[in-house]
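# Observations on chain architecture
Read off the chains here:
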Amino acid sequence: MAYSTIRKNPEAVRLANLPDYAAARAAFTWAGAREALDGLPSGGLNMAHEAVDRHLAHGRGDHVALRFLGAEGVDRELTYADLAEQTDRFANVLRHLGVRPGEIVFGLSGRIPELYVAVLGSLKACCAFSPLFSAFGPEPVRQRLHLGHGSVLVTTPSLYRRKVEALRDDLPDLRYVLLAGPGADAVSGPGVHPLARLMGEAATDFTIEATDPETVALVHFTSGTTGTPKGAVHVHEAVVAQHASARSVLDLHDDDVYWCTADPGWVTGTAYGVIAPLTCGVTCVVDELEFDAERWYAILQEQRVTVFYTAPTALRMLMRAGEEPARRHDLSVLRHVASVGEPLNPEVVVWGQRVLGRPIHDTWWQTETGSIMLANFAAEPILPGSMGRPVPGIEAQLVRRDAEGHAIVAADGEPEFVTQPDVEGELALRSPWPSLMRAYLGDEDRYRKAFVGSWYLSGDLARRDAEGWWWFIGRGDDVIKSSGHLIGPFEVENVLLEHPGVAEAAVIGVPDPVAGEAVKAFVTLRPGFTPGEGLRLELSALARKRLGPAVAPREIAFDDHLPHTRSGKIMRRLLKARELGLPEGDISSLEGGAEVPATTGGTP
Ligand code: WT7
C-alpha cells in the first residue's frame, strides 16, 4: 500500500474520550449512551433541553455557546444562558402566533444567530425544524416548503424578496414569515413579521412540555436519483446518537473550541454544527462568511480552535492555497480534525498530518442516518483512504447485489452479506438506532424501499478489508456529490426541460479535482433550435436562476442522441462511462443495441 498507517502518540490516546476502540465497542449500550444526557425534569427527552438548558442547571450558563464571526471579527456571542433566554423567547413567539406542536418551521438564511435560535426554539416548542440552504434558488425552496407544508419560515428580508415573495400564492400553508436582521420593518405581506419585534415582546421563560423522544424534531431534505427531494424525518431521540458520536468521534471535551464549517442548511451543519456540540457544552465558532483560505487559518489561530470538522472539498481548497499560509499561523492548540461528506483522498489525510500537524479523520454518514456511522477515532491509527470502522452501537455489513444492482435477499427476508474481505457490496446498517430517520415525509413507499429485512441500505458501495477497515468505492446510484452537496440529477434535468428548446436532458457528475464532482448536463434539442453558445448561456442562466449556483450545471453539452434503456429511461450511467472513457459495463438493457459493438456489452 502506498500510504503507511498513521499512528497516534500516547498523549493523544490518553486524552481521548475513546481510548480503545475494541473495548468501547464491547462495552457500549444505547441505554448507557442515554444516561450521558439529562432528560427533561418533567420527563421525556428534548434536543433543545440537552443542547441548552441543562448546562444552566450544571452551572455553566456563563460559558460561551456560540461565537459568530463576520467580516469585522466577532459579530455576536451567546452564552448558554443567553441562548436559553433567546430560545425560550422564540418558543413563546411560536406559541403566541398559535403555531402548534408538530408543525414544521423552516429556516432559510445564512449562518446568523437568529437561525440557531430558531432551530433550538422550535425544538423547545415541540415544532419540527427544517433548514434550507440559503444558496438554493426559488425552485428548490418552493419544492421543499410545499412538500413539508411549512407553516412558518424564518428568513431575511433580502432572501424573502429574492426567493419566496413571488411564490406565496403557491404556498397556501405558509402562514407566517419571520424576518431576521436589518430592513425587516420595510417588508410587508401576508403573515410577514419582523422577528426582532416579536422576540422583544415575548416572555423570557418557557417550559418545555414532557417531550416523547419519538416527537419529530428535524426534517432534512436530501436528493435521490428520481422524483422530488426526500424529507428525512428525525426525532428528538436522535440526540442520543449525536451526543455519543460527538464525544467518541469528534472527541469533544467541555472546554473545547469547536468549529464545524458546514452550513446548517445541510444535515452536518445542524447535527454537528448546532445540536451535538452544544450537548457537549463546548464553545462553537460560526463563520458567517464563505471559504477563504487566509481567513480560515486566521480563525483557527485567533479563536484557538481545538476541534475542526469540515469537508474534503474545503480541505482540498486549503491544500491548493499552499503550505505557506498554514506555516504563518499558530495552529498548536488544534487537537483533532475530522471530515465528512465525500471521499477523502489519502493525500489530504497525509497533508493534514504534515501541514496542520494533525491527520484528517474521515467519517461517513448520511442525511438518513442522522449521525456518524463509520469513523476514524482520535486514539486509533489511521489507514489513509479508509473511512474507518463502525461507531460503537452501530452494526454495518456489506450486502451482495445482483447484476441490476438490487440487494440479494435470502429466503428469510434478510439481505445476503459479502463474507470475503475486499469484496464490493452495498453498505448496510442494522436498524434501528436513535438517529435513524423515522420516515421520508409523506412517502412511505420510498421509506420502505430503503430497507431490506432489518437492514437500512445506504446506496453506497464499499468494501471491508481483512482487518475490518472500511473503504468507500462509490455511489450505487446516479446521485451527484459536488462540494459535499448531494444533487439529484432529476431536479436539474426538470429545470432544463422547462426551456422550450430542450427535448431531453441528462445530468451526471464529472470528476473535479477540488469539488469531487461537478454537474454536467447533456441536452438534445427540439427541431428549430440549434446548438451554440447563445443557447448554452440561456440554459445556464435559466438553471442558475431557478436552482441557484450550488446546484446548476457547470457544463452543458449538446448531443444528437442520449442513450436510453428499452423502457425509455435515459442511461446516465452509460453517459458517465463514455464521458470518463470507462468500460460501459452491463448495457444489456440499452435500446437499439446496434450502436455499440457486441463485444463490449452483456448478453442482450
Ligand atoms: C452521501 C450522503 C451526512 C454527511 C453529509 C452528507 C457521501 C458521506 C462520505 C465519506 C465518501 C461519503 C456518500 C453518502 N459521503 N461521507 N466519508 N466518504 N463518501 O450527507 O448529503 O446525505 O450525503 O455522502 O455517498 O451516501 P448526505
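Going by the structure above, here's the rest.
Below you will find a few notes about this structure. All values derive from a computational prediction rather than experimental measurement.

Calculation rules
- Residues numbered from 1 in each chain as written.
- Predicted model: local features only at pLDDT ≥ 70, side-chain atom pairs only at ≥ 80, totals over all residues.
- Heavy atoms only, no water.
- Helix = DSSP H or I, 4+ residues; strand = E, 2+ residues; numbered from the N terminus.
- Rg over C-alpha atoms; globule rule 2.2 N^0.38 Å.
- Buried < 20%, exposed > 50% of the residue type's maximum accessible area, 1.4 Å probe, protein only.
- Phe/Tyr/Trp six-rings, centres within 6.5 Å; stacked < 30°, edge-to-face > 60°.
- Contact = heavy atoms within 4.5 Å.
- Pairing = 2+ DSSP bridges.
- Polar contact = N/O pair within 3.5 Å; in protein donor to acceptor, adjacent residues only side chain to side chain.
- Core = buried A, V, L, I, M, F, W, Y, C linked by side-chain atoms within 4.5 Å.
- Near = heavy atom within 4 Å.
- Areas by Shrake-Rupley, 256 points an atom, 1.4 Å probe, with all protein chains shown as cover.
- Nonpolar A, V, L, I, M, F, W, Y, C, P; charged D, E, K, R; others polar.
- Axes fitted to C-alpha atoms, helices over the stretch in contact; angles between N-to-C directions.
- Left-handed = near helix turned anticlockwise from the far one by under 90°.
- Salt bridge = Lys/Arg side-chain N within 4 Å of Asp/Glu carboxyl O.

So, about the overall build of the protein chain. Counting its regular elements, the protein chain contains 19 helices and 27 strands. The C-alpha radius of gyration computed for the protein chain amounts to 24 Å, which stays within 12% of the reference 25 Å derived for 604 residues, consistent with globular compactness. If you line up the protein chain on its principal axes, its C-alpha atoms span 75 × 60 × 55 Å. Evaluated residue by residue, the protein chain yields a buried proportion of 57% over its 604 residues.

Applying the stated rule across the entire model yields 18 aromatic pairs. Aromatic pair Phe-133 and Trp-266: ring centres 5.2 Å apart, planes at 55°, arrangement tilted. Here Phe-133 is found in the loop between strand E4 (128–132) and helix H7 (138–147), whereas its partner Trp-266 is found in the loop between strand E10 (257–260) and helix H11 (267–279), with 133 residues between them in sequence. An identical accessibility class is assigned to Phe-133 and Trp-266; each is buried. Arranged with centres 4.8 Å apart and planes meeting at 65°, the rings of Phe-417 and Trp-455 form a pair that is edge-to-face. Within this pair, whereas Phe-417 is found in the loop between strand E17 (396–399) and strand E18 (425–430), its partner Trp-455 is found in strand E21 (residues 455–464), the two being separated by 38 residues in sequence.

With that out of the way, let us pick up the side chain of Arg-67. Inspection of the secondary structure assignment puts Arg-67 in strand E1 (residues 64–70). By relative accessible area, Arg-67 is classed as buried at 17%. When sequence neighbours within four positions are dropped, the list of residues in contact with Arg-67 reads Val-74, Arg-76, Glu-77, Thr-283, Cys-284, Val-285, Val-286 and Gln-303.

Turning our attention to the sheet that holds strand E11 (residues 283–287). If you trace the 9 strands from one edge of the open sheet to the other, you get E2-E1-E11-E10-E12-E13-E14-E15-E16, paired in mixed fashion. Lying at the two open borders of the sheet, with one neighbouring strand each, are strand E2 (73–79) and strand E16 (389–390). Pairing analysis gives 3 bridges linking strand E13 (residues 336–339) to strand E14 (residues 360–364), with the strands arranged parallel. Bridge pairing links Ser-339 to Asp-362 in E14.

This next bit is on helix H4 (residues 47–57). By the criterion of burial, H4 is predominantly enclosed, with 9 of the 11 residues buried. Taken together, the buried positions of H4 are occupied by Met-47, Ala-48, His-49, Glu-50, Ala-51, Val-52, Asp-53, Arg-54 and His-55. On the buried face of H4, the contacting elements are helix H5 (80–97), helix H6 (113–124), strand E8 (216–222), strand E9 (230–235), helix H10 (238–248) and H11. Its side-chain oxygen 2.8 Å from the backbone nitrogen of Ala-48, Asn-46 forms the N-cap of H4. Just downstream of H4, Gly-59 is the residue with a positive phi angle, here 75°.

Here we come to unusual backbone geometry. A cis amide bond links Ser-431 with the next residue in sequence, Pro-432, at an omega value of 0°. With respect to the element layout, Pro-432 can be found in the loop between E18 and strand E19 (439–440). The backbone of Arg-304 shows a phi angle near 55°, a positive value even though the residue is not glycine. For Arg-304, a relative accessible area of 49% gives the class partly exposed. At Asp-422, a position not held by glycine, the phi torsion is positive, near 60°. Residue position: Asp-422 is located in the loop between E17 and E18. Owing to a relative accessible area of 43%, Asp-422 belongs among the partly exposed residues under this scheme.

For the rest of this paragraph, the subject is the nonpolar core. Counting residues in hydrophobic clusters, the biggest one holds 99 residues, and the most contacted among them are Leu-66, Leu-178, Tyr-258, Leu-278 and Tyr-309. Ranked by the residues each element gives to this core, the list is headed by H5, at 8 residues. Beyond its immediate chain neighbours, meaning those up to four positions away, Leu-278 contacts Glu-50, Ala-51, His-55, Ala-65, Leu-66, Tyr-80, Leu-83, Leu-120 and Cys-284. One finds Ala-128, Phe-133, Leu-145 and Val-233 within the second-largest nonpolar core, a separate group that totals 44 residues.

Quick look at the pairing of E18 now. Burial analysis of E18 places 5 of its 6 residues in the buried class, the great majority of the element. Inspection of the sheet shows E17 paired to E18 by 4 bridges, in the antiparallel sense. Across the sheet, the residue bridging to Val-399 is Glu-426, located in E18. In this structure, E18 lies alongside E21, joined through 5 bridges in antiparallel fashion. By the bridge assignment for E21, Gly-425 is matched with Ala-462.

Here we take up the site of the ligand. Near the ligand you find 18 residues, and of these Asp-362, Thr-363, Gln-366, Thr-367 and Lys-481 are the closest. In this structure, Thr-367 approaches the ligand through a side-chain N or O atom, which is 2.6 Å from an oxygen atom. For the ligand, an oxygen atom lies 3.0 Å from a polar atom in the side chain of Asp-460. In isolation the ligand offers 560 Å² of accessible surface; the protein chains occlude 97% of this area. At the level of secondary structure, the elements contributing two or more residues to the shell around the ligand comprise H11, E14 and strand E22 (470–475). Ranked by residues supplied to the shell around the ligand, first place goes to E14 with 3 residues. Along the lines of polarity and charge, the residues of the shell around the ligand split into 8 nonpolar, 5 polar and 5 charged.

Running from amino to carboxyl end, H5 crosses H6 at an angle of 60°, the nearest separation of the two axes being 8 Å. Crossing angle aside, the handedness with which H5 passes H6 is right-handed. Facing Leu-83, Ala-84, Gln-86, Thr-87, Asp-88, Phe-90, Ala-91 and Leu-94 of H5, the residues of H6 in contact are Val-117, Ala-118, Leu-120, Gly-121, Ser-122 and Lys-124. A breakdown of the residues in the contact of H5 with H6 according to their chemical character gives 8 nonpolar, 4 polar and 2 charged.

Let's shift gears to the side chain of Asp-53. Of note, Asp-53 is situated in helix H4. When neighbours within four sequence positions are excluded, Asp-53 is seen to be in contact with Ala-48, Ala-84, Asp-88, Lys-124 and Ile-208.

So, on to the pattern of salt bridges. Scanning all chains against the criterion turns up 46 salt bridges. Its salt-bridge partner being Lys-449, residue Asp-445 comes within 3.0 Å of it at the nearest N-O pair. One end of the pair, Asp-445, and the other, Lys-449, are both in helix H16 (residues 444–449), 4 residues apart, so they sit about a helical turn from each other. Overall, Asp-445 belongs to the partly exposed group, its relative accessible area being 35%.

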